[in-house]
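Understanding the architecture of this molecule
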Amino acid sequence: MDITKLKAIVKPLMHSVLLKVHPDFFAHQPAAKTINHSSIQRLQELMAPVLSSEPTKHSSKPVQESLEFISRAAANSIQPELKSTKITFSQHVPRSITELQAQRSQDLVNLCRALDIDVGDAEKQLGEVIKLDSQHRRESAMQQLARLRAARAREAQMNYKRRTNPHAMLLKKLRESSWSPQLRMEKSDDLESLNRNMVFFDARVSSSRYADIVKNIEGQLSKLEYSKWASLPIMVVAKWKDAFKNGASKFPGFVIIPQDFNTQAI
């Protein structure tokens, strides 16, 4: 909101209101003077978001009061008749300080009309300022949205480039012989060598058991006569039943080995 332009519109209107209902003009009407004095004080408080040079916080509660002003109905008569004017400020809860400023400015225009004060083209100017501010806020919101979308797109692209399968990464490390030194020492030299690149694990097998399972298989290679079928890939499953569906193997071409397999049980 261009507060400078807004003040240029609002200040003359406030001046016209004071000339119309200032308490000093009603020195001989104490009741009218008291009413106007109270209402003007409250009016200045309500217009503070527009006229004050200090930052103002807008309330989240709507205004639920009406202001009363006493004015002279006929200023040229010897004993002018007093006129009471009541106006209720907008009860709409503003979402921002700029919306509050626009709301208060429009309320002041309505007060001037109620007091028969000529507002000239003030309302038109006010509408142009509010419209321009609305356009700026929409453009700003669209720019922020565009920046957010661009950031999300860059993030998605980076995630796509570095996407990984945790199971695949673990298997890769295992196949690169990233076993613990203890496991290497426990292997006997007379055991046949297991081709780890040919070992695969079913999704039901916990990754935390991969090392122990491979160790168990390597300890039984000779009993399994591994050299006769070393060219075939191995699929480790949690249980025998996990390898079959409707009597057919779910992993054709693989040698199925349960994770707790033991040749001594055969």
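Just so you know, these numbers come straight off a predicted model, no measurement behind them.

The subject of this paragraph is the overall build of the protein. For the protein, the helix and strand inventory stands at eight helices and seven strands. Residues classed as buried in the protein amount to 31% of the 266 residues present. Here the contacts in the protein between residues at least 6 apart in sequence split such that 61% fall between residues at least 24 apart. Surface accessibility of the protein: about 17,400 Å² in total, with carbon and sulfur atoms responsible for 52%.

As a further point, take the confidence of the model for the protein. Predicted confidence across the protein gives a mean pLDDT of 79, with 77% of residues reaching 70 or more. Note on residues 177–191: pLDDT is under 50 here. Beyond four places in sequence and across chains, it has 16 contacts.

This paragraph deals with the packing of helix H1 (residues 3–21) against helix H4 (residues 97–114). With their axes 10 Å apart at the nearest point, H1 and H4 run at an angle of 30° to one another. The pairing of H1 with H4 is recorded here as roughly parallel in orientation. Every pair of crossing elements has a handedness; the one defined by H1 and H4 is left-handed. Two secondary-structure elements touch here, H1 through Ile3, Leu6, Val10, Leu13, Met14 and Val17 and H4 through Gln101, Ser105, Leu108, Val109, Leu111 and Cys112. Residue classes in the contact of H1 with H4 are distributed as 10 nonpolar, two polar and no charged.

Taken as a whole and assessed by the stated rule, the structure comprises three aromatic pairs. The interplanar angle of 85° and the centroid separation of 5.7 Å between the aromatic rings of Phe200 and Phe254 together place this pair among those described as edge-to-face. One end of the pair, Phe200, is in strand S3 (residues 199–201); the other, Phe254, is in the loop between strand S6 (248–249) and strand S7 (255–258), and 54 residues separate them in sequence. Residue Phe200 is classed as partly exposed on the basis of its relative accessible area, which comes to 27%. Measuring from centroid to centroid gives 5.0 Å for Tyr226 and Trp229, while their planes differ by 85°, and the two rings are edge-to-face. Here Tyr226 matches Trp229 in class, with each residue buried. Across the ring face of Phe26, the terminal group of Arg72 is positioned such that the distance to the ring centre comes to 4.5 Å.

When you line up the elements, Lys215 lands in helix H8 (residues 210–218). When the C-alpha positions of Lys215 and Leu194 are compared, they lie 9.8 Å apart, and in sequence the two are 21 residues distant.

Another point: the pattern of salt bridges. Across all of its chains, the model carries nine salt bridges by this definition. Of the charged contacts in the structure, one is a salt bridge between Asp116 and Lys83, with a shortest N-O distance of 3.0 Å. Within this pair, whereas Asp116 is found in the loop between H4 and helix H5 (122–161), its partner Lys83 is found in strand S2 (residues 82–88), the two being separated by 33 residues in sequence. Under the relative-accessibility criterion, Lys83 is labelled partly exposed at 30%.

What follows deals with unusual backbone geometry. The backbone of Asp116 sits at a positive phi, close to 60°, despite the residue not being glycine. The phi torsion at Glu225 lies on the positive side, around 50°, for a residue other than glycine. Positionally, Glu225 belongs in the loop between H8 and strand S4 (234–237). A relative accessible area of 40% places Glu225 in the partly exposed class.

Quick notes on the rules
- Residues numbered from 1 in each chain as written.
- Predicted model: local features only at pLDDT ≥ 70, side-chain atom pairs only at ≥ 80, totals over all residues.
- Heavy atoms only, no water.
- Helix = DSSP H or I, 4+ residues; strand = E, 2+ residues; numbered from the N terminus.
- Buried < 20%, exposed > 50% of the residue type's maximum accessible area, 1.4 Å probe, protein only.
- Contact = heavy atoms within 4.5 Å.
- Areas by Shrake-Rupley, 256 points an atom, 1.4 Å probe, with all protein chains shown as cover.
- pLDDT = per-residue confidence, 0-100.
- Axes fitted to C-alpha atoms, helices over the stretch in contact; angles between N-to-C directions.
- Parallel < 35°, antiparallel > 145°, perpendicular 65-115°, else oblique.
- Left-handed = near helix turned anticlockwise from the far one by under 90°.
- Nonpolar A, V, L, I, M, F, W, Y, C, P; charged D, E, K, R; others polar.
- Phe/Tyr/Trp six-rings, centres within 6.5 Å; stacked < 30°, edge-to-face > 60°.
- Lys NZ or Arg CZ within 6 Å of the ring centre and 35° of its normal.
- Salt bridge = Lys/Arg side-chain N within 4 Å of Asp/Glu carboxyl O.

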